Amino acid sequence: MKSRFRLSAAAAAAVSLAAFGVVGMSSSPAAAASATCFGYTGNVNDYGYNYVDWQYGPDECFGVAPSGTIWHTWSGAGGWKEMPGNGKALSFVAFFESSAGKAVKVVTAAGNYYCNYDDYATNTWGGWYATNTDHC
């Protein structure tokens, strides 16, 4: 699968820290930052947001709110939308795509990784599932 994304410096640091197990139990940093993508503004945690230039689907932005809830938006969305599945995370760490669909990967403050997959045929995001592999 092809992975194309822009990772903020803070998110890269979180990935590095998570790889070494230097994380606590909270969902996300307490501070909030303003995130504007496709003209829609929302609050994300200190790790910021990621703009993803999907090859097969519309471009999208992803971020984690200070509460740990996981959000995304795209052109024409009408605003930031909470992703299905009631997930909580610290930050996004990877994005994957094939002609069949796309997947996003997050890490929690405890260092656990979860993925969510969107099937292009149905344009439906599934639920969050745990993973310990490099891909979703």
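Here, the structure is the one placed above.
The present account deals with the structure reproduced in this document.

Scoring rules and cut-offs
Residues numbered from 1 in each chain as written. Predicted model: local features only at pLDDT ≥ 70, side-chain atom pairs only at ≥ 80, totals over all residues. Heavy atoms only, no water. Helix = DSSP H or I, 4+ residues; strand = E, 2+ residues; numbered from the N terminus. Buried < 20%, exposed > 50% of the residue type's maximum accessible area, 1.4 Å probe, protein only. Areas by Shrake-Rupley, 256 points an atom, 1.4 Å probe, with all protein chains shown as cover. Salt bridge = Lys/Arg side-chain N within 4 Å of Asp/Glu carboxyl O. Pairing = 2+ DSSP bridges. Lys, Arg positive; Asp, Glu negative; His and termini not counted. Polar contact = N/O pair within 3.5 Å; in protein donor to acceptor, adjacent residues only side chain to side chain. Contact = heavy atoms within 4.5 Å.

From N to C terminus, the protein chain includes 1 helix and 11 strands. Reading the protein chain from its N terminus to its C terminus gives the helix and strand order α-β-β-β-β-β-β-β-β-β-β-β. Each of the 136 residues in the protein chain was classed as buried or not, and the buried ones make up 41%. Put simply, the protein chain shows about 6,500 Å² of open surface, and 53% of that area lies on carbon and sulfur atoms.

Under the definition given, this model contains 2 salt bridges. Residues Lys 102 and Glu 60 are paired through a salt bridge, measuring 2.6 Å at the closest nitrogen-oxygen approach. Here the residue Lys 102 occupies a position in strand β8 (residues 101–107), and Glu 60 occupies one in strand β4 (residues 60–64), the gap between them amounting to 42 residues. Side by side, Lys 102 and Glu 60 carry an identical accessibility label, which is buried. Between Asp 118 and Lys 102 there is a salt bridge whose closest N-O contact spans 3.8 Å. Taken together, the residues Asp 118 in strand β9 (residues 113–119) and Lys 102 in strand β8 connect sequence positions 16 residues apart. There is no split in this pair, since Asp 118 and Lys 102 are both buried. Connected through salt bridges with shared partners, the residues Glu 60, Lys 102 and Asp 118 form a single ionic network.

Further remarks concern the sheet that holds β4. Backbone hydrogen bonds are what pair the strands of a sheet, in a parallel or an antiparallel way. The strand order across the open sheet built from 4 strands is β3-β4-β5-β6, with neighbouring strands paired in antiparallel fashion. Looking at the sheet topology across the chains shown, the edges are occupied by β3 (49–52) and β6 (81–82). Inspection of the sheet shows strand β5 (residues 70–74) paired to β6 by 2 bridges, in the antiparallel sense. Among the inter-strand pairings, Trp 71 is bridged to a residue of β6, identified as Glu 82.

Looking at the element boundaries, Lys 105 is found in strand β8. At 5.3 Å, Asp 134 is the nearest oppositely charged side chain to Lys 105, a buried residue that forms no salt bridge. Within the structure, Lys 105 has its side chain in polar contact with the backbone oxygen of Thr 133 (distance 2.6 Å). Those residues in contact with Lys 105 that lie beyond four places of it in its chain are Phe 92, Val 93, Ala 94, Phe 96, Tyr 113, Tyr 114, Cys 115, Thr 131, Thr 133, Asp 134, His 135 and Cys 136.

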